[in-house]
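A structural walkthrough
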Amino acid sequence: MGIEDDDGNDTGALFQIEEPVAPMRKTTVPGRGIGIDLGTTHSLVAVAPCGEAPRTLGDADGRALLPSVVSYIGETPDVGWDARAAQLSAPTRVVSSVKRFMGRGTADIEFQHPYRIAALGDGAADVVRLEVGQGRVVTPMEVSARILEVLAARAEEALGETPTGAVITVPAYFDEAQRQATKDAGRIAGLTVYRLLAEPTAAALAYGLDKGGQGLFAVYDLGGGTFDISVLRLRDGVFQVLATGGDSALGGDDFDRAVGEHLLREAGVHTPTVLQREQARVAARDAKETLSTAETVSVQWEGGPALTLTRGQLNAVIGPIAERTAAPCRGALKDAGVRARDLDGVVLVGGSTRTPLVRNLVESIFRRKPLSDIDPDQVVAYGAAIVADELSGYAREGATLLDVAPLSLGLETMGGIVEKIIPRNAAIPIAARQVFTNYSEKQTGMMIHVVQGERELADDCRSLARFDLSGIPRLPPSMARIEITFELDADALLTVTARELMTGVKQTVEVKPTYGLSDEDVDALVIESLDNADEDFARRNLAEARVELGRVVLAVSAALTEVGDVEGILVAEDRAAIVSALADGEAAMAPTGPTEHHEIVAVRERLEHVSEAFARRRMERALLAGMEGMSLSEVENTIAADDTLDAKRGSHEAEQIEKI
């Protein structure tokens, strides 16, 4: 948290987690909610009206899967199978795997793709924009909205009426910006988004893990562009996500591109064109799907030689990529405080789990054969439909869902230190608040800087939002009370409120970041917090020591200025010692000052020591001045009244701490 007038603030010690304020109720009609799995490779829509078993809705040909591909070759966008068929004719004008671009900035796109990224105009937000020909530029949210529109139209035809709302699934490891981008896509498509639901949670619901008994389950979700692992427990009707992990830029697309590069090398193509890369990728995708049941497959694309790919060759290429899912799995088990043998089952989700190598890897990680009774492509849509039916107003019997926050949320305090308000893996929805205070009597405002991540310093975390709280009354240091409230809703979207408790001045902001974390940031933020823990805490301790030294320097300097040369309060030798200690303090706070926190502490302690006598004489003089002209009985009555007031104030403050 920054402040105005080049000063800072300090954290208070008051903290509470509470239930968030109930959101405004959305329009509902029982039986008219729909569940949408907005996937990287394919998307689906499902319904479960008024307690019926969930079912997916197909197109005119009965196909439930809709390729998540949008073609901008014609005057109007074309979505689905026809768009996918047109990919190789104009790869830069047909957008696929758009989910990997959701909530990301231009600097975050490091994975391979055939598209042209549009240049940013003056004042334009750093959000990805794709050039799709004829001067047309689209954002990932617009592309996703076209897919959602087709799915919503399917639902309207099947239900005979317009859906009142939708539950859209997202990877559990999607960050704040990626979730917000998904919700924006829903709004662009004209949908009322009841909520965003984590894909592993939806899959577990579809498997009926919410029906009766107790259970501890892992959900392994490997789709076209994202990987999630979640550990969930059902106990006494509460369906709780204990921990989540994954990689928001790892999936079947990476398999396809790696196999495509292998095929190009086998074909003797070492500097492929964009078209050749896309041809090889599509051929690799088809070959991978065939090798899920066959041992060998013939591969050829237009202008390329005939090749043979075996399952063993496929495994050799994709094995290292699939192995990247193992570490998050073990990490999620550790975060949940359980062992693999404690699980009651492992659920497979996502089309990429059809690959035999992936299934064998899952079995080796969790030491049990995974569950795959339901089509892994459809299971997420089923779960979304169940939740949508309940949110539409139909009273379904089921478990209470408790999802979790994928990454910690907090704010920057004086010295660049992060104060975590909502920790990673906290159950959502949740509201948490903490009280902060002022650093200087000059302070009349604060800049609230909201960050996301696991590191100790703000510079090492992702910046989400900044806003100002002005109108703070001028009070002595540590006397103001600024209450900061973080509200994380069921969609894991954040609202931050800052309120000065004395005046009631308040500022609220819905955190809507322009773009999200880069390909590796989500995992890196967690891993770095472990790898750099010692260094981070050393830097935090150093920052805190400098903040505390700054407070003492400011207080002593102000006292010297106020007292001046008043006789009897500050003798010459004391002034010299204090001035010298102040100079050492200012030097210690400079960029070239000590780099060990204990050195800073030593400087502060020396300043406090040499100014102790001066501070005592100053206080005694103030007391004598206050009692001047009073009789003994008046002094005794004043002391008695002060004691009573202190007792009442102490009781009141204790009550306030309990409430806060």
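Residues numbered from 1 in each chain as written. Predicted model: local features only at pLDDT ≥ 70, side-chain atom pairs only at ≥ 80, totals over all residues. Heavy atoms only, no water.

Bringing the overall build of the protein chain into the picture now. When helices and strands are counted, the protein chain shows 16 helices and 30 strands. Looking at the protein chain residue by residue over its 660 residues, the buried ones come to 53%. Contacts spanning at least 24 positions in sequence make up 69% of the contacts within the protein chain whose residues lie at least 6 apart. (Helix = DSSP H or I, 4+ residues; strand = E, 2+ residues; numbered from the N terminus. Buried < 20%, exposed > 50% of the residue type's maximum accessible area, 1.4 Å probe, protein only. Contact = heavy atoms within 4.5 Å.)

To describe a pair of aromatic rings, one takes the distance between the centres and the angle between the planes. Enumeration according to the criterion identifies two aromatic pairs in this entry. Both rings, one in Phe-101 and one in Tyr-115, keep their centres 6.0 Å apart while their planes meet at 65 degrees; by these two values the pair is edge-to-face. In this pair, Phe-101 sits in the loop between strand S9 (94-96) and strand S10 (116-117) while Tyr-115 sits in the loop between S9 and S10, placing the two residues 14 residues apart along the sequence. The exposure class assigned to Tyr-115 is buried, which follows from its relative accessible area of 8%. (Phe/Tyr/Trp six-rings, centres within 6.5 Å; stacked < 30°, edge-to-face > 60°.)

With that out of the way, let us pick up the confidence of the model for the protein chain. Across the protein chain, the average pLDDT comes to 79, with 80% of residues at 70 or higher. For residues 1-25, every residue scores under 50 in pLDDT, and the model assigns this stretch 77 contacts once sequence neighbours within four places are set aside. Overall, residues 643-660 carries pLDDT values under 50, and its contacts beyond four positions in sequence, including any with other chains, amount to nine contacts. (pLDDT = per-residue confidence, 0-100.)

The pairing of strands in a sheet happens through backbone hydrogen bonds and is either parallel or antiparallel. The strand order across the open sheet formed by three strands is S10-S11-S12, and the pairing between neighbours is antiparallel. The two strands at the open ends of the sheet, each matched to only one other strand, are S10 and strand S12 (137-138). (Pairing = 2+ DSSP bridges.)

Spatially, the three strands line up as an open sheet ordered S8-S7-S9, and their pairing is antiparallel. Whereas interior strands pair on both sides, the edge strands pair on one side only; in this sheet they are strand S8 (78-79) and S9. As paired elements, strand S7 (residues 69-71) and S8 share two bridges and run antiparallel to each other. Pairing of Ser-71 across the sheet is with Asp-78, part of S8.

Counting across every chain of the model gives 23 salt bridges. Close ionic contact of Glu-52 with Arg-55 constitutes a salt bridge, the shortest N to O distance being 3.3 Å. By relative accessible area, which is 41% here, Glu-52 ends up partly exposed. Between Lys-99 and Glu-199 there is a salt bridge; the shortest N-O distance is 2.8 Å. Placement of Lys-99 in the loop between S9 and S10 and of Glu-199 in helix H4 (residues 199-206) is noted, with a sequence separation of 100 residues between them. Among the residues examined, Glu-199 registers a relative accessible area of 4% and is labelled buried. Put simply, Asp-59, Asp-61 and Arg-63 are held in one network by salt bridges that share partners. (Salt bridge = Lys/Arg side-chain N within 4 Å of Asp/Glu carboxyl O.)

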